[in-house]
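Architecture at a glance
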Amino acid sequence: MTSTLLPGNIVYGGPVTEREAQDYRSLGQYILDKYKSFGEQSVLVDAVNGVEYSASFMHKSIVRLAYILQKLGVKQNDVIGLSSENSVNFALAMFAGFAVGATVAPLNVTYSDREVDHAINLSKPKIIFASKITIDRVAKAASKNKFVKGIISFGGSSKKFKNIYALNELMDNDKFKTQPDFLSPVANKEQDVTLIVCSSGTTGLPKGVQLTQMNLLATLDSQIQPTQIPMEEVTLLTVIPWFHAFGCLTLITTACRGARLVYLPKFEENLFLAAIEKYRVMMAFMVPPLMVFLAKHPIVDKYDLSSLMVLLCGAAPLSRETEDQIKERIGVPFIRQGYGLSESTLSVLVQNDEFCKPGSVGVLKVGIYAKVIDPDTGKLLGAKERGELCFKGDGIMKGYIGDTNSTQTAIKDGWLHTGDIGYYDEEFEFFIVDRIKELIKYKGYQVPPAEIEALLLTNEKIKDAAVIGKPDEEAGELPLAFVVKQANVQLTENEVIQFVNDNASPAKRLRGGVIFVDEIPKNPSGKILRRILRDMLKKPKSKL
Ligand SMILES: Nc1ncnc2c1ncn2[C@@H]1O[C@H](COP(=O)(O)OP(=O)(O)OP(=O)(O)O)[C@@H](O)[C@H]1O
Ligand SMILES: O=C(O)[C@H]1CSC(c2nc3ccc(O)cc3s2)=N1
Ligand SMILES: [Mg+2]
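Cut-off values and rules
- Residues numbered from 1 in each chain as written.
- Chains lettered and ligands numbered in written order.
- Predicted model: local features only at pLDDT ≥ 70, side-chain atom pairs only at ≥ 80, totals over all residues.
- Heavy atoms only, no water.
- UniProt positions renumbered as here; feature names shortened; annotations may be inferred.
- Buried < 20%, exposed > 50% of the residue type's maximum accessible area, 1.4 Å probe, protein only.
- Helix = DSSP H or I, 4+ residues; strand = E, 2+ residues; numbered from the N terminus.
- Arc of directions from axis to C-beta.
- Contact = heavy atoms within 4.5 Å.
- Polar contact = N/O pair within 3.5 Å; in protein donor to acceptor, adjacent residues only side chain to side chain.
- Near = heavy atom within 4 Å.
- Areas by Shrake-Rupley, 256 points an atom, 1.4 Å probe, with all protein chains shown as cover.
- Nonpolar A, V, L, I, M, F, W, Y, C, P; charged D, E, K, R; others polar.

Labelled according to an unreviewed UniProt entry, the chain appears under the name Luciferin 4-monooxygenase, originating from Drosophila gunungcola. UniProt, in the comment section headed Sequence similarities (unreviewed entry), describes the chain in these words: "Belongs to the ATP-dependent AMP-binding enzyme family." Turning to the chain, the UniProt record has this under Cofactor (unreviewed entry): "Mg(2+)".

Pasting the structure below:
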């Protein structure tokens, strides 16, 4: 399927022809019915302890937990918080929340006390699920906010909040064991918010992105088109956190497709590679730092990764060099980069067999419209012209919770303005350049840090790198690199500067210098936290 150009330089990914999820009464009902139909098939695998969960186990447990939530007073459109690393309980809690027609609000497990407080004040959950590692922070935040009536613990406890229930005790209680099935309330699909995901907070405080029942159901339908990547009965691996849009949406889509999803609660080098080998993983969800790990880390050679057929990568820029290195090193036949935002439910662009030029993020998914505009004038641009990417389609969020101003800036006439600069070529294949906010302004040139980072990563002595603009009175900003050296190598600032001089256009030279660091700060979905690097620059040199 190729995209078409509509009048006014609008690119269209083509119609959604398959309809299935949209005809259900709710997302919760769809997931329940899907799990029921998959019977004893294994659908989730905990790669840490090797426990496998069947679809019928998931169905039975979701039904029971849905009754429990109702007994605890959770009603349709009430909000349920969910603060946990990837675990079977995360999936059960989310799907049971969907079943009762509640709005599920996953919370980042790395949030500090202050950030948990910020996030729950956006979504105002009545009940919060918390795991052992988050319960103390959740309890503290709950005690300060009257709207939280109870916490359901996956393990562990806290003295900071009175009303804590243990999930296993609730589930074992005979009162809740009676019913074989659960009927989800009929949703008002266009209006009811089923998920509130927090944006990553890369450019500021995280925003509460409200996704409706229809956003999710329509996205699920777009995923079952014959042109999309098939996932039925495929073994997939994920370590992307489920509290993040990318992780959360891929958990939901794989659940509805009867895939076997092997998950890790956090990234651990050996465990990640061992899981691919042990479970003969065919597809893995990836973010660029994981791709760089596969491309560069010495221990990768110790594992049999021959089962890997597809790597699905998104969330941050992936360089064509890293892509090539992986193909050469482990011979993965397909690398499929995608591009999406919390605000777009899942990816809006993805590569396929036909459109997979190195460095591209692929073509529009079915049902999605795109346009590229001049960020200053708003003028519509054509092929090969760089500008702000805007998208329209069924997956575009309802809005940011409690923030009409930001919603109106982000969505105009139904078009989501992404804040990302990119372009499409003559075949309507898209390329991301960088975020508008992160472009370095050197003497009137716009320098995308992602391009310099990609170049630096091609250097064998460099393990990781990040580039920011260093404020400069004369030039505006000067490109400056933070560099992590590979173990046991000699590398000087001058060598790095020379390397860029030899391989990039003059505006990209590292005129701001090079700072060697032990690690590049990144958030759990693999995005470089440039604001932390900027703060480091402001501090006196001795503290670096
Ligand atoms: N394949 C990709 N290549 C480059 N950038 C990508 C890709 N996929 C996603 N992104 C980036 O991720 C962004 C969406 O991420 P997300 O919704 O998680 O939050 P965020 O934009 O990082 O944070 P915030 O909006 O809170 O500042 C996109 O706007 C884009 O900048
Ligand atoms: O649709 C797919 O097949 C995969 C390929 S990569 C991808 C992504 N989805 C999101 C959703 C949110 C976000 O911030 C980034 C991505 S990349 N989806
Ligand atoms: Mg954003």
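Note: α-helices contain 3.6 residues per turn, so residues at a spacing of three or four share the same orientation. Within helix 4 (residues 113-123), burial applies to V116, A119, I120 and S123. Mapping the buried residues of helix 4 onto a view down its axis gives an arc of 95°, with all of them on the same face. Residues of helix 4 that are buried make contact with strand 5 (79-83), strand 6 (103-106), strand 7 (127-130), helix 5 (135-144) and strand 10 (193-198). Positioned one or two residues after helix 4, K124 has a phi angle of 50°, which is positive.

By the element assignment, D425 lies in the loop between strand 23 (415-424) and strand 24 (430-435). At 2.6 Å, the side chain of D425 forms a polar contact with the side chain of K357. The contacts of D425, once residues within four sequence positions are left out, are K357, A383, K384 and F431.

In this section: helix 5. Within helix 5, burial applies to I135, V138, A139, A141 and A142. Taken around the axis of helix 5, the buried residues stretch over an arc of 165°, which confines them to a single face. Against the buried residues of helix 5 lie strand 5, helix 4, strand 7, strand 8 (150-153) and strand 9 (164-166).

With that settled, consider the environment of K398. Structurally, the position occupied by K398 is in the loop between strand 20 (387-392) and strand 21 (399-400). Separated by 137 residues in the primary sequence, K398 and L261 have C-alpha atoms spaced 29 Å apart. In contact with K398, other than residues within four places in its own chain, are Q191, V193, Q210, T212, N215 and T407.

Turning next to the site of ligand 1. In the neighbourhood of ligand 1, 22 residues make up the surrounding shell, with S199, S200, T202, T203 and D420 lying closest. Contact between ligand 1 and T202: an oxygen atom at 2.5 Å from a side-chain N or O atom of the residue. At 3.4 Å, a side-chain N or O of K207 approaches an oxygen atom of ligand 1. For ligand 1, the protein covers 96% of the area, taking 630 Å² as the surface of the free molecule. Elements represented by at least two residues in the shell around ligand 1 include exactly strand 16 (334-340) and strand 24. For the shell around ligand 1, the leading source of residues is strand 16, giving 4 residues. Taken together, the residues of the shell around ligand 1 break down into 7 nonpolar, 10 polar and 5 charged.

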